[in-house]
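Listed below are the residues making up each chain.
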Amino acid sequence: MRILGIETSCDETAAAVVEDAIAILSSVVASQIAHAKYGGVVPELASREHLRAIVPVVRLALEQSKTDLDDLSAIAVTEGPGLVGSLLVGITYAKALCFARNLPLIAVNHIEGHIHAVVLEAGASLEYPALALVVSGGHTHLFEVREGFIYRLLGKTRDDAAGEAYDKVAKLLGFGYPGGPLIDRLAPHGDPHAVKFTLARMKGNTLDFSFSGLKTAVLRWVEAHDLTAEIETRRRSQGVSAQDFLALTPQPTLDLLASFQHTVIEELLRRAAVSIEEIGARSLIISGGVASNAGLRAAARGAGLPCPVYFPTPALSTDNAAMIAAAAFPKLRAGQFSDFSLRAQANLPLA
């Protein structure tokens, strides 16, 4: 069985063909670089770029996998959460293909896709119940995952997602967008204990996250140390390499970045450890764009957690369509199809 996956939830236009839930025959991702000069994703611009890219991206995914539309068992598409305009492009195109070739349409939750990015690669080595930490620019969630892919939400961010906090701190310091990967590269050059940040204390559900206060604490540190000239120099140097940015960043700022990253990782893993004990998890899944973070990967594997930790490969950490196709296979087997009334849902919950 082969499924064509289509993903357009934010600013990547992606298509992939996956066979039997285990083999990625193709995976094509067209990233939109036009948002960098705006310091973040512009929804209207993103949807227009999807319109330009969706047809050639899907064609290329089919060509690379040596697959015709008649070879497909179904077409899977992200229905949410995400930007409504972006989601509509993928959903509308998927509907058109299904209508033209009389193929089943399968709607997939984007967050569930991130979980299946790990399932796709780990396969039978994953034991359940598992704990899934989905952490990206738009999401920071903890889920209990039981056999049959039954989900229970344990905790989520109440304000900024972790990846969003990375990007906002990078923008504040003049590094541009996206800032998460650059902070990750610069953090090892600083002292992670130089700046003492207060960990978030949550009322109510203690497994919820909050990164807004940490972002504000970075702003207050910047204001107290008058980094105006330093920040302006970096803003005029957009497009340079991480090594060049390292030369433009004094040691105190490198210490700030290291301390910021250390605190984010501590917040994530502290709640993950509590959740593992609470549900008796036998596996920990960490997925989403921030799962590419080298500091998080090293810390999770060295934290002495009581169960194995699984990360997706970097190519499957960020938004892609292979994870959407993989998440559709259980729905295909169960006959869980959508009709042409399927609509985009910006705030679609997983559980």
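Structure: above.
Each value, and the rule that gives it
- Residues numbered from 1 in each chain as written.
- Predicted model: local features only at pLDDT ≥ 70, side-chain atom pairs only at ≥ 80, totals over all residues.
- Heavy atoms only, no water.
- Pairing = 2+ DSSP bridges.
- Helix = DSSP H or I, 4+ residues; strand = E, 2+ residues; numbered from the N terminus.
- Axes fitted to C-alpha atoms, helices over the stretch in contact; angles between N-to-C directions.
- Contact = heavy atoms within 4.5 Å.
- Parallel < 35°, antiparallel > 145°, perpendicular 65-115°, else oblique.
- Left-handed = near helix turned anticlockwise from the far one by under 90°.
- Nonpolar A, V, L, I, M, F, W, Y, C, P; charged D, E, K, R; others polar.
- Buried < 20%, exposed > 50% of the residue type's maximum accessible area, 1.4 Å probe, protein only.
- Arc of directions from axis to C-beta.
- Right-handed = clockwise from strand over helix to strand, strands pointing away.

1. Side note on the sheet that holds strand S4 (residues 74–80)
Spatially, the 5 strands line up as an open sheet ordered S3-S2-S1-S4-S5, and their pairing is mixed. Of all the strands in the sheet, the pair left with one neighbour each is strand S3 (23–31) and strand S5 (105–109). Adjacent strand axes in the sheet meet at a mean angle of 20°, parallel and antiparallel pairs treated alike. By the bridge criterion, 8 bridges tie strand S2 (residues 12–19) to S3 in an arrangement that is antiparallel.

2. Things to note about unusual backbone geometry
Following Gly80, the chain continues to Pro81 via a peptide bond in cis, the omega torsion being -10°. By secondary structure assignment, the location of Pro81 is in the loop between S4 and helix H2 (84–101). With an omega dihedral of -10°, the bond running from Tyr177 to Pro178 counts as a cis peptide bond. Take Pro178: it is sitting in the loop between helix H4 (162–172) and helix H5 (180–186). Positive phi values are uncommon outside glycine, yet Ala21 reaches one of about 65°. Among the structural elements, Ala21 can be located in the loop between S2 and S3.

3. Some words on the sheet that holds strand S9 (residues 283–287)
Read across the sheet, 5 strands follow the order S8-S7-S6-S9-S10 without closing on themselves; strand pairing throughout is mixed. On the outer flanks of this sheet lie strand S8 (150–156) and strand S10 (309–310), each paired with one strand and no other. Pairing of strand S7 (residues 140–146) with S8, which is carried by 6 bridges, proceeds in the antiparallel orientation. Bridging from a neighbouring strand, Arg146 pairs with Ile150 of S8. Together, strand S6 (130–135), S7, S8 and S9 form the strand contacts of helix H9 (residues 251–279), whose direction differs from that of S6 by roughly 155°.

4. Things to note about the packing of H9 against helix H10 (residues 294–301)
Close contact between H9 and H10 brings their axes to 10 Å; oriented N to C, the two are set at 45°. The orientation of H9 relative to H10 falls into the category oblique. Considering only the axes of H9 and H10, their crossing is right-handed. From H9, Gln261, Ile265, Leu268 and Leu269 reach across to H10, where they touch Gly295, Leu296, Ala299 and Ala300. For the contact of H9 with H10, the residue count by class is 6 nonpolar, 2 polar and no charged.

5. Quick word on helix H7 (residues 228–235)
The complete set of buried residues in H7 reads Glu230, Ile231 and Arg234. What you see down the axis of H7 is that its buried residues fit within an arc of 95°, all on one side. Turned more than 90 degrees off the buried face of H7, the exposed positions are Thr228 and Ala229. On its buried side, H7 packs onto H4, helix H6 (212–225), helix H8 (242–247) and H9.

6. Some words on the pairing of S5
Where burial is concerned, most of S5 is hidden: 5 out of the 5 residues are buried. Neither face of S5 is open: one carries Leu105, Ala107 and Asn109, the other Ile106 and Val108, and all of them are buried. Both S4 and S5 contribute to a ladder of 5 bridges, which runs parallel. Across the sheet, residue Ala76 finds its bridge partner in S5, namely Ile106. Taken together, S4, H2 and S5 form a β-α-β motif whose crossover is right-handed.

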